[in-house]
Protein chains: 2
Amino acid sequence: MKDLYKRFLSSEEWLIREEVWNKNLQGVRESQFTLGNGYIGSRGVLEEIPYDAYPGTYIAGLFDSSGAQVPELVNLPNPIDFKISVEGEKLGLVAMDVLKHNRVLDMKKGLLARRTVYSNVRNERFDYQSVRFFSMDDPHVGVMQVCLTPLDNDTNIDVETTFDLSVTNKGILSEGRKNHIKIMEVKNIRDIYYASVQTFASKVYVNYAGILNCCTGDITQNTSERVLHMRAEKGKTICFTKVFHIATSRDVKPRNMKPHALKAVRKAAEAGFENLLKKHVSAWEKRWIGADVILKPDKELEKALRFNIYHLLIAGKDNGSTSIGARTLSGEGYRGHIFWDTEIFILPFFIYTNPDAAKGMLSYRYDRMGEARRNARKRGYKGAMFPWESADLGNETTPPWHRDLDGRIIKIHTMDTEQHINCDIAYAVYHYGLATGDKEFMMKKGYELFFEIARFWASRVLFDKSKKRYEIQRVMGPDEFHPIVDNNSYTNGMVAWNLRKAFELFEENKRCGEKWSRDLSERIRLSDREAKRWKSIAAGLFIPYSKRKDVIEAFDGFLRRKYIRIKELDNNFMPVLPKEATFKDIDTTQFVKQSDTVMLLYLLDGDFSHEEKRRNFAFYDARTLHKSSLSAAISSIMALRTGDIIKASRYLSYAAYMDINNLSGNTADGMHAASCGGTWQAFINGIGGMSVKDGILRFNPLFPKEIKCLKFHIRFKSYRISAEIFRNRIAITPSLKRAKRGVLRLEAFGRLCEAPVGKKTVFRG
Amino acid sequence: MKDLYKRFLSSEEWLIREEVWNKNLQGVRESQFTLGNGYIGSRGVLEEIPYDAYPGTYIAGLFDSSGAQVPELVNLPNPIDFKISVEGEKLGLVAMDVLKHNRVLDMKKGLLARRTVYSNVRNERFDYQSVRFFSMDDPHVGVMQVCLTPLDNDTNIDVETTFDLSVTNKGILSEGRKNHIKIMEVKNIRDIYYASVQTFASKVYVNYAGILNCCTGDITQNTSERVLHMRAEKGKTICFTKVFHIATSRDVKPRNMKPHALKAVRKAAEAGFENLLKKHVSAWEKRWIGADVILKPDKELEKALRFNIYHLLIAGKDNGSTSIGARTLSGEGYRGHIFWDTEIFILPFFIYTNPDAAKGMLSYRYDRMGEARRNARKRGYKGAMFPWESADLGNETTPPWHRDLDGRIIKIHTMDTEQHINCDIAYAVYHYGLATGDKEFMMKKGYELFFEIARFWASRVLFDKSKKRYEIQRVMGPDEFHPIVDNNSYTNGMVAWNLRKAFELFEENKRCGEKWSRDLSERIRLSDREAKRWKSIAAGLFIPYSKRKDVIEAFDGFLRRKYIRIKELDNNFMPVLPKEATFKDIDTTQFVKQSDTVMLLYLLDGDFSHEEKRRNFAFYDARTLHKSSLSAAISSIMALRTGDIIKASRYLSYAAYMDINNLSGNTADGMHAASCGGTWQAFINGIGGMSVKDGILRFNPLFPKEIKCLKFHIRFKSYRISAEIFRNRIAITPSLKRAKRGVLRLEAFGRLCEAPVGKKTVFRG
């Protein structure tokens, strides 16, 4: 038999392969093989839905709270549901003998292809091949094709394919599995199978329209049947093509939804598989041009990096006002909620490769500022206080408690204490403005966000009269091993930066004297006096420092906690918790889940001397267990910057392979988007040494031994820049969309220089 | 808080209670607490559908084969689906703290009532009470009521109640969970929630129409919403009443189904909870009058017996042409298939308490005789050969193979070898005719069935010329430890009886010389010559006998298998497999799963002397492991008849408590109907000593020590008989529907006597 889909596939460096079926990895593969286009995410489930399969179909921003503690990303009906049975025997990996099996995720084209050769109870063989994609060209359209060839005998087959309406959300123990949708209509309309559902609480309609085409060689026809009984002849391939269209009442007015869907699916089906695929592939090509990173010589590491970028690409959505959850649209971990992961870890990739998507993610925050203001007010603060976990409405959606397996109730503190989310958002806004030069966004939304957050912090700090300093008490830093601490180094450091920058931006805007700036100040009633107060708080905000150790102290009294030496590393060179300690009383030790101080050093890199960074990194790295998927990538960068090349490589690997090797053990619940984004930063900002200072793009590469070359494209202000980075050589080719001439000023190897537009300029270090 | 449903409940001897929630028993309770009315069976699932709950809703005779090896009872949408959550916390046994919990199955009224007091994360208490029933008056109607009272604070509640369309059939490993229905329509029609589904392969429509009423004390209103957000006030009870109607396209013409359902559910809802309940209870009363058995003095055993009878009552359906599966409508064990369990174990209860239902079960076979004839023809035999497992169409539905957990394929032989199903059906037909005197059924269906089965056997036997005897080779008896044996004692004994009786009945009918008899003979082309051949085969059919042991040999060469003594009994006094043997090579031993010979002695009791029975029972009982749920009841009767009083009591207990104590460990897959029916026989035919010989009803009671008295009602011919049986005294009160005078001739304590109609006559032993 011919491999039908081989001709569609890209070259090997773009392919993630499953070569054997391993039931224990089913959930992991489902997350890894997720397809999507920013609008929709569909887990890489096997079409026959074997035992313990977890179909997941999610639309960005579509949450529902019914029957749940807090809103959760709705698991929608599964269009990838295709069951064939041969005289009562189901063709499936769990059910039948498998002579051959492989699946391929083609990251370049966003395709999932499969081939399985089954043998039934009578030793008759069946060649099963399938391919599917969710169109990057029209995000509402999905296509799947299944081809079956009996290899030994003619046989009767039953085919069953629907939009599986029986899906549920996993929920948590105290909720049970539950569904968030009610079925509103299910109907055959000529050859179109139509289904409409509505979410219970958020009242969003979602409709599905599909056309199934069955091609037996001589005859090609559409069928409205969802169950087909057919005769399959030996050696002849029956090919099913299912084209479907999914839309919500947020995309189309409810009363237009049905005619719109019927028309759209008809149009798509008439275009046909090859045409739909062509447009999809060409849309993917455009995405990759700006996003791919070529790495030499380690092909495996390059593929791992590409895998991380692939998952960022399918999560990113141009414009709009939705953001990306901590597990993207690839699983239900954290119920699809949006954390600081988005602004600090994921956003930079989009700022530099797809600023439109980055703008959408920040608009998501801006559009929910009403809730953030109410939240601040409710707690007695001013300005805008964003929720630690955010869903559709922007209110606080951190579950207040969790019931564990033995019924114990565990209160969750993060929503009250992880207030650093606010400086993270401010940092992201500033970073976006700096790198994109998007004055319009900043004027309309950015500055307001930035100032309102500063205002929150100014109301949040306390002045200690005796010590004559500002303090922030009772917070949690990124290091969640120590809940509720005073003067957390990360929080205080970032807040000081936030307030100082807010003052500077206010002054700058005032200087420009434009109307929008005056309007803004009036609208949010911002005065010189308030801005000056920001400046003075920033100057007086206490950051704990240990003179004895000559390091920033993670928080007040951190050094009084017990220090235990890490004695052992695991197979991935990650620290093992010494026997003297337990996770139960980890807060009594100096072990951190991820280091707050290292995070601060990374984000405010320019504010610290090399020696400070070196000392602090070494000190905290000896205490970091990296039990967060956010830890390794940033540690890799800081190890590199402080000269610890061995650790830099170890952490880089750990971050890059996090999900492809299921290192955290829970990839089945969805991809770790922060690790994907962190990995990208580790390559571009770490090895490539890219940063922006004083409006200037800088490259100060720091290559570990095993890497020789890094090629990538970035967007900076109005430039599209192609960069080839070597240890001692940088080649920069800037271009402009609307001009053929011009010059990009940049810093390479610490020297200011210029790269003319349209030309490759080489700088040597 | 008041116990709202206490006033509805019967006295304690009718109640099966669950006093604590035990997750491990969830499935068992679901089977035990099944509600039904012969038309529909609904597992006793907790309304909130906790983790691992298995909702099961089955309609008698509604099978579907799509995606399955063989047809299976379709798990239909679950109308018992009612979820309440309190600010995101689900009220449920798995989810919340439970201060108090109990459920009560009221067997007298077919009611399942529940009360649970929950405490949420803020220690607020909620009193949750519910009751439900499937009307015995109108089998299409079901009613559930849920009442909630917040005990401590006012609170916001979310209520979600639908017909859960996401149910699936469990299937087997090689199939995976699958659904057999497609959704055709889901709609709110004013205050009615309407859903229509269709089975995939059998193309049966099933529709659901429901009305939800919500009563908050002051306001009572219907709502078409399936999700309600409400304010619940402290101390005030909110009461939801859901009335629903379920029908199939077999009950109503497809085009009339929808208007019919809407009208019917409206009518039911308007009648109201109390009225519906009243009619339901009164219909149940009628059922119990003819079926209840009162037992003195052991109240617990009486309740266990009643529990078995309850499950027979909810499985039995008047008239029609459906039969009862081995696990009734209480689970998916054996996929709802019909085995010999029905004719030999279940049917007698119906023959003597509800002959109409018994007639329906035999009509089920008669109406599928076309398939049985084809089956015989296909295998080169004559007459009618019934399938070992039967579903809707009457073709053979035994799965041909089974794939075990490590992928090994195990061929299943029962369909080819357990041909005794045919003599079992013949026996049941004869028994029905004898006990009911239903000449009409016998003329129209019974004799034809009987003769066609005899004809099959006559073509199945082989004549051994050298030994001058008829043999039956390559069969499996009820003892499935020995697959494929020659001259199985049970099969050969029953076949000889079948052929002999067939000859006698043929001769008798011929003597009566009536037209129907001549017509029948012509229709099935039955000649004197053929009938005479039956007689001679019956006379020459070999039944293996061991002269050395002076016992019937279970099959050719049984005594050459290894004999191992049973050394140990378990806690239930059931034999433990000795260490020298393993189940894997059990066929090399003399251990039997259940004894074929004992079964034969029981069914053809009159053909054996007391001494023969005693010897054979003792011999085989020492070799029986009772690994079938069919074994204990019959062993109990034969132990009693042969004087082994201790064993009789042990086996009686084991059979009576089989499902109430989950003795077989798989009650979760459904009730063991054969054990329920066998238990009834153990009391009535065993202890009560009831039997029919030469058209005369006989009572020869045999009381074990612990039982003093047995009272029950039976139907015999046109009589309704009330019997009170004591060790040495029998009181019989016969009545006739259409006459006030007459006399019942019967045998009591071995003596022929007469009991006048309308009077209690006492006979002493």
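Residues numbered from 1 in each chain as written. Chains lettered and ligands numbered in written order. Predicted model: local features only at pLDDT ≥ 70, side-chain atom pairs only at ≥ 80, totals over all residues. Heavy atoms only, no water.

All names here are of chain A. Domain assignment breaks chain A into domain 1 (6-286) and domain 2 (293-687). Its C-alpha centre places domain 1 at a distance of 37 Å from the equivalent point of domain 2. Interface area, domain 1 with domain 2, both sides summed: about 3300 Å², of which 62% is carbon and sulfur. It is Gln 32, Phe 63 and Gln 69 in domain 1 that bury the most area against domain 2; as a group they hold 16% of the surface buried on that side. Between domain 1 and domain 2 we count 2 salt bridges in total. Across the salt bridge formed by Arg 335 and Glu 72, the nearest N and O atoms sit 2.9 Å from each other. (Domains from an automatic or database assignment. Buried area = accessible area lost by both parts, 1.4 Å probe. Salt bridge = Lys/Arg side-chain N within 4 Å of Asp/Glu carboxyl O.)

Moving on, we get to the environment of Gly 110 of chain B. Residue and element names in this part refer to chain B. With respect to the helices and strands, the residue Gly 110 is situated in the loop between β9 (97-106) and β10 (111-119). When the C-alpha positions of Gly 110 and Ile 211 are compared, they lie 21 Å apart, and in sequence the two are 101 residues distant. Among residues more than four places away in sequence, those in contact with Gly 110 are Leu 35, Arg 132, Phe 133, His 280, Trp 284 and Tyr 310. (Helix = DSSP H or I, 4+ residues; strand = E, 2+ residues; numbered from the N terminus. Contact = heavy atoms within 4.5 Å.)

A few words on the sheet that holds strand β3 (residues 40-42) of chain B. Strand pairing in a sheet takes place through backbone hydrogen bonds and is either antiparallel or parallel in direction. Residue and element names in this part refer to chain B. On the basis of which strands lie adjacent, the open sheet formed by 3 strands has the order β2-β3-β4 and antiparallel pairing. On the outer flanks of this sheet lie β2 (35-36) and β4 (57-59), each paired with one strand and no other. Relative to β4, β3 runs antiparallel, the two sharing 3 bridges. When the sheet's bridge partners are listed, Ile 40 is paired in β4 with Ile 59. (Pairing = 2+ DSSP bridges.)

Each side of the interface is counted separately: chain A has 44 residues, and chain B has 44 residues. Summed over both partners, the interface of chain A with chain B buries about 3900 Å², with 50% contributed by carbon and sulfur atoms. The three residues of chain A that bury the most area against chain B are Tyr 51, Val 121 and Arg 403 of chain A, which together make up 14% of that side's buried surface. Seen at the junction of chain A and chain B, the total is 0 salt bridges.

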